[in-house]
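Report on the structure
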Amino acid sequence: MNHRRALRAAVTVAVTGVLAAGMTMALTSTASAGTTLRASAAEKGRYFGAAVATGKLSTSTYVTILNREFNSVVAENEMKWDATEPQQGQFRYTGGDRLVSHAQANGMSVRGHALLWHQQQPGWAQGMSGSALRNAAINHVTQVATHFRGKIHSWDVVNEAFADGGGGGRRDSNLQRTGNDWIEAAFRAARAADPGAKLCYNDYNTDGINAKSTGIYNMVRDFKSRGVPIDCVGFQSHLGTSLAGDYQANLQRFADLGVDVQITELDVMTGGNQATIFGAVTRACMNVSRCTGITVWGVRDCDSWRGSDNALLFDCNGNKKAAYTNVLNALNAGPAIPTTPPPTDPPPTTPPPTDPPPTTPPPGTPDGCSASVSLNSWNGGFVATVKVTAGSAGTNGWNVGVTLASGASVTNTWSATASGSTGTVRFANVDYNGRLGAGQVTEFGFQGTGSGAGITPTCTAS
Ligand code: 9MR
């Protein structure tokens, strides 16, 4: 008996010892165990990414660093308009697909860059204007976002649309001249094409509270108030030899609007401050709970568009620089993103099925229009993509009615204007998609809370 009790006591002590050791290890690992950028960022619920030139994926020093240190990638050029639609209506995804495959094989997420931008447009688009350009641009957004649907963490839907200098207004460009609503039209089209991707506006010289960042801030606030689907703002952060004192406060004011923020193209001029600035930017992101990730614009100094600035975290031989150490330490020291999921903003993680045929013949006069719905539902919400087909006489405009289940309500609409949000809701065409030729098809969409069950759209044409 005594012997047994002694044995039990010894076992208890041993188990307690193991538990204590285990707990110490667990605590240590939560505090600062990361030894690579990707591991340290992931421990804090974030990603750490690099811009990649796919041509370098066969260079071993390059790919070794990329796979070891980064869990997110963005194409430096391969997903831009000139690369993906070199001739109008002819799409080329070779480079983008290659990057996505590399990412999937190596546990990396992908940022998409960029659907619309005034630079790197294909020649055919540079020569266009007015509604022809607007339609081509929206079609580009729809096609490219559809091709990559379900594979992109965040899209830069629109890049660099604000002017430099003191005004805080839009930059003049062929896209801007199609109408001030071109940005929201692009976001709506992107949401309809890939409801699971976060949709970002991305720009540079926004590294503090200044006229340009305030112009963008006002746009985001307006979009949020009107239900234009925007989820994030990218701060490129191509930096010189100093960092604005209000860099973090600027990120925070955007986060307070209800969008995520991301550092999207970080690089810093060499000089005494380079390592310090890299560390400070990383700390600022860590201190903003909606700052979900950091991307540096290249891997080694020699990969950078900034050439002799030596602006990145690794030297040309692949050695870690002092800036690397500062970034890693800041990731390890920073707080984790709180893990409670936000209840009001649930982007679906699985892509919707591609255009299933309507299960019931849609009502509507034969020469009017018909509508069918494709639903992507999750617990507590849904995204509905509605296809409108013109009858034999075409349409000048259309109006689609749906009756929502009890308790359901519409929270966001794109490519249509909604009247009402509960019960029977009507969706009218917007300027650019009301006029359809015989048999022509257009799509609009809406997001809702509650159940999407039983939505059967009916269409009337004018
Ligand atoms: O790094 C990119 C470089 O290879 C291209 O030649 C250049 C063309 O405009 O674009 C560079 O990337 C830019 C990014 O797409 C948007 N923000 C500024 C980046 C640096 O110019």
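Everything that follows concerns the structure shown earlier in this document.
A brief look at the structure comes next.

Here is what the cut-offs are and how they apply
- Residues numbered from 1 in each chain as written.
- Predicted model: local features only at pLDDT ≥ 70, side-chain atom pairs only at ≥ 80, totals over all residues.
- Heavy atoms only, no water.
- Disulfide = S-S within 2.5 Å.
- Helix = DSSP H or I, 4+ residues; strand = E, 2+ residues; numbered from the N terminus.
- Buried < 20%, exposed > 50% of the residue type's maximum accessible area, 1.4 Å probe, protein only.
- Phe/Tyr/Trp six-rings, centres within 6.5 Å; stacked < 30°, edge-to-face > 60°.
- Lys NZ or Arg CZ within 6 Å of the ring centre and 35° of its normal.
- Expected span 1.5 Å × (residues − 1).
- Core = buried A, V, L, I, M, F, W, Y, C linked by side-chain atoms within 4.5 Å.
- Contact = heavy atoms within 4.5 Å.
- Pairing = 2+ DSSP bridges.
- Near = heavy atom within 4 Å.
- Polar contact = N/O pair within 3.5 Å; in protein donor to acceptor, adjacent residues only side chain to side chain.
- Areas by Shrake-Rupley, 256 points an atom, 1.4 Å probe, with all protein chains shown as cover.
- Nonpolar A, V, L, I, M, F, W, Y, C, P; charged D, E, K, R; others polar.

**Thoughts on the state of the cysteines**
- Under the counting rule described, the total for this entry stands at four disulfides.
- Cys200 shares a disulfide with Cys232; S-S distance 2.1 Å. Taking the sign of the torsion about the S-S bond as the criterion, the disulfide between Cys200 and Cys232, at about -90 degrees, is left-handed. Highlighted residues: Cys200 in strand E5 (residues 198-203) and Cys232 in strand E6 (residues 232-235), separated in sequence by 32 residues.
- Residue Cys200 is classed as buried on the basis of its relative accessible area of 0%.
- For Cys232, a relative accessible area of 0% puts it in the buried group.
- Shown here is the disulfide that connects Cys369 with Cys459, its sulfur atoms set 2.1 Å apart.

**Let's talk about the packing of aromatic side chains**
- Enumeration over the complete set of coordinates arrives at 13 aromatic pairs.
- Look at Trp398 and Phe444: their rings are 5.3 Å apart centre to centre, the planes differ by 20 degrees, and that puts the pair in the stacked class. Residue Trp398 is found in strand E12 (residues 398-403), and its partner Phe444 is found in strand E16 (residues 441-449); the two are separated by 46 residues along the sequence.
- Taking relative accessible area as the criterion, Trp398 reaches 2% and is therefore assigned buried.
- Exposure remark for Phe444: the relative accessible area of 0% places this residue in the buried category.
- Taken together, the ring pairs in this structure connect Phe91, Tyr93, Phe148 and Trp155 into an aromatic cluster.
- In this structure, Lys212 packs its charged tip against the face of Tyr204, placed 3.6 Å from the ring centre.
- Lying across the ring of Tyr217, Arg253 places its NZ or CZ 4.8 Å from the centre.

**Observations concerning helix H8 (residues 182-193)**
- Between its terminal C-alpha atoms H8 stretches 17 Å, which fits the 16 Å expected from 12 residues at 1.5 Å a residue.
- Trp182, Ile183, Glu184, Ala185, Ala186, Phe187, Arg188, Ala189, Ala190, Arg191, Ala192 and Ala193 are the residues of H8 that are buried.

**Considering the nonpolar core**
- Of all hydrophobic cores here, the largest spans 92 residues; its most connected members are Phe48, Trp155, Phe187 and Leu313.
- For this core, the leading source of residues is H8, giving eight residues.
- Apart from the residues within four sequence positions on either side, Phe187 is in contact with Val157, Val158, Leu199, Cys200, Tyr201, Phe223, Val228, Pro229 and Ile230.
- Membership of the second largest hydrophobic core comes to 21 residues, among which are Val388, Val400, Ala408 and Phe446.

**Here's the deal with the pairing of strand E1 (residues 47-52)**
- The buried fraction of E1 amounts to six of the six residues, a majority that puts the element mostly inside the structure.
- Where burial is concerned, the two faces of E1 agree: the one with Tyr47, Gly49 and Ala51 and the one with Phe48, Ala50 and Val52 are both buried.
- The sheet contact formed by E1 and strand E9 (residues 291-296) spans four bridges and is parallel. Among the inter-strand pairings, Ala50 is bridged to a residue of E9, identified as Val296.
- For E1 and strand E2 (residues 72-75), the ladder comprises four bridges, and the chain directions are parallel. Residue pairing for E2: Val52 is matched across the bridge by Ala75.

**As for the pairing of strand E4 (residues 154-159)**
- The buried fraction of E4 is high, at six of six residues.
- The sheet contact formed by strand E3 (residues 109-117) and E4 spans five bridges and is parallel. Among the inter-strand pairings, Trp117 is bridged to a residue of E4, identified as Asn159.
- Across five bridges, E4 lies against E5 in parallel orientation.

**Let's talk about the site of the ligand**
- Residues in contact with the ligand amount to 14 residues; listed here are only the nearest, Glu76, Lys80, His113, Glu160 and Glu265.
- One nitrogen or oxygen atom from the side chain of Lys80 is found 2.7 Å from an oxygen atom belonging to the ligand.
- In the complex, 77% of the free accessible area of the ligand, which totals 450 Å², lies under the protein chains.
- Of the residues contributing to the shell around the ligand, the split by class is three nonpolar, seven polar and four charged.

**Topic: helix H9 (residues 211-226)**
- An ideal rise of 1.5 Å per residue puts 22 Å on 16 residues; H9 measures up with 23 Å between its terminal C-alpha atoms.
- Listed as buried for H9 are Lys212, Ser213, Gly215, Ile216, Tyr217, Met219, Val220 and Phe223.
- Contacts made by the buried residues of H9 are with H8, E5, E6 and helix H10 (247-255).
- For H9, the N-terminal capping position is held by Asn210, with its side-chain oxygen 3.1 Å away from the main-chain nitrogen of Lys212.
- Count one or two residues on from H9 and you reach Gly227, which has phi positive near 80 degrees.

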